[in-house]
Amino acid sequence: MSRKYYDDFSKMPVDKMAQSISDMTYSYKGTMVPKKHYKDILDKELQELASNDINIERMLLQPYIDMMSKMLKENSKYFYKALLMVELKAKDTAVEINAINTAFDAFDDSKLKNILNEDIVEVFENVKKNGVYVADEEEVN
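Given the structure is predicted, the values throughout are model-derived calculations rather than measurements.

A.B. asks: Can you break down the packing of helix α6 (residues 76-88) against helix α7 (residues 94-105) residue by residue, with the values?
C.D. replies: At a closest axis distance of 10 Å, the pairing of α6 and α7 adopts a crossing angle of 120°. By the angle between their axes, α6 is oblique relative to α7. The hand of the α6/α7 crossing is right-handed. On α7, the residues that touch Lys77, Tyr80, Lys81, Leu84, Met85 and Leu88 of α6 are Ile97, Ile100, Asn101 and Phe104. The class makeup of the residues in the contact of α6 with α7 is 7 nonpolar, 1 polar and 2 charged.

Below, the structure written as structure tokens:
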């Protein structure tokens, strides 16, 4: 059985692990992340890390995603109308439901796929493609 880098890595002291991760990060397109950043993370208690963990957020979001996906498949018309009612803080009155129906009917189905604010979509696509810091830098400029 051949040894893997992980075998040696897992036995390193925290300081050397941090430097090693920093070096690995640099080897990817010259991305510089200081050793201190990784050392601070490696030194944190697991409970503290879990509170900021993307995997925990993913687990919390998944039931909502599943429910909304199911609703969209079952009846997209009512799904979008419900979203509009929530977004517009519309009340469950005849007047406001009629207003939602009229607004909804004013758009064809192709436009419903793009009801999100274009700025939100642009930031999402930018971060997905380039990472969070690139998006932050562009907002500043």
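A.B. asks: Kindly report on the side chain of Ser22, identifying the contributing residues and their values.
C.D. replies: Within the element layout of this structure, Ser22 appears in helix α2 (residues 14-26). Those residues in contact with Ser22, other than ones at most four positions away along the chain, are Val33, Pro34, Lys35 and Tyr38.

A.B. asks: Give me the lowdown on the packing of aromatic side chains, citing residues and values where you can.
C.D. replies: Applying the stated criterion across every chain, the model contains 2 aromatic pairs. The interplanar angle of 35° and the centroid separation of 6.0 Å between the aromatic rings of Tyr5 and Phe9 together place this pair among those described as tilted. One end of the pair is Tyr5 and the other is Phe9, both in helix α1 (residues 5-9) and 4 residues apart, which spans about a single turn. Since its relative accessible area comes to 47%, Tyr5 is described here as partly exposed. Ring geometry for Phe79 versus Tyr80: centroids 5.5 Å apart, planes at 75°, classification edge-to-face.

A.B. asks: I'd love a proper account of the nonpolar core, names of residues and values included.
C.D. replies: The nonpolar side chains of a soluble globular protein tend to be buried, and buried together. The biggest cluster of nonpolar side chains holds 5 residues, and these are Phe9, Met17, Ala18, Ile21 and Tyr38. Residue contributions to this core peak at 3 residues, all from α2. Aside from chain neighbours lying at most four places away, what touches Ala18 is Lys35, Tyr38, Lys39 and Leu42.

A.B. asks: How would you summarise the confidence of the model for the protein chain if you had to cite specific residues and measurements?
C.D. replies: The share of residues in the protein chain with pLDDT of 70 or more is 81%, and the mean pLDDT across the chain is 80. Averaged over each element, pLDDT in the protein chain is lowest for helix α10 (residues 132-140) (55) and highest for α2 (89).

A.B. asks: Let's hear about α6: which residues, and what values?
C.D. replies: With 13 residues, α6 should cover 18 Å at 1.5 Å per step; its first-to-last C-alpha distance of 18 Å lies within 8% of that length. Buried residues of α6: Phe79, Tyr80, Lys81 and Met85, and no others. N-capping of α6 is provided by Asn75, with a side-chain oxygen placed 3.2 Å from the backbone N of Lys77. Lys89 occupies a position one or two residues after α6 and carries a positive phi of about 55°.

Procedures and definitions
- Residues numbered from 1 in each chain as written.
- Predicted model: local features only at pLDDT ≥ 70, side-chain atom pairs only at ≥ 80, totals over all residues.
- Heavy atoms only, no water.
- Axes fitted to C-alpha atoms, helices over the stretch in contact; angles between N-to-C directions.
- Helix = DSSP H or I, 4+ residues; strand = E, 2+ residues; numbered from the N terminus.
- Parallel < 35°, antiparallel > 145°, perpendicular 65-115°, else oblique.
- Left-handed = near helix turned anticlockwise from the far one by under 90°.
- Contact = heavy atoms within 4.5 Å.
- Nonpolar A, V, L, I, M, F, W, Y, C, P; charged D, E, K, R; others polar.
- Phe/Tyr/Trp six-rings, centres within 6.5 Å; stacked < 30°, edge-to-face > 60°.
- Buried < 20%, exposed > 50% of the residue type's maximum accessible area, 1.4 Å probe, protein only.
- Core = buried A, V, L, I, M, F, W, Y, C linked by side-chain atoms within 4.5 Å.
- pLDDT = per-residue confidence, 0-100.
- Expected span 1.5 Å × (residues − 1).
- Polar contact = N/O pair within 3.5 Å; in protein donor to acceptor, adjacent residues only side chain to side chain.

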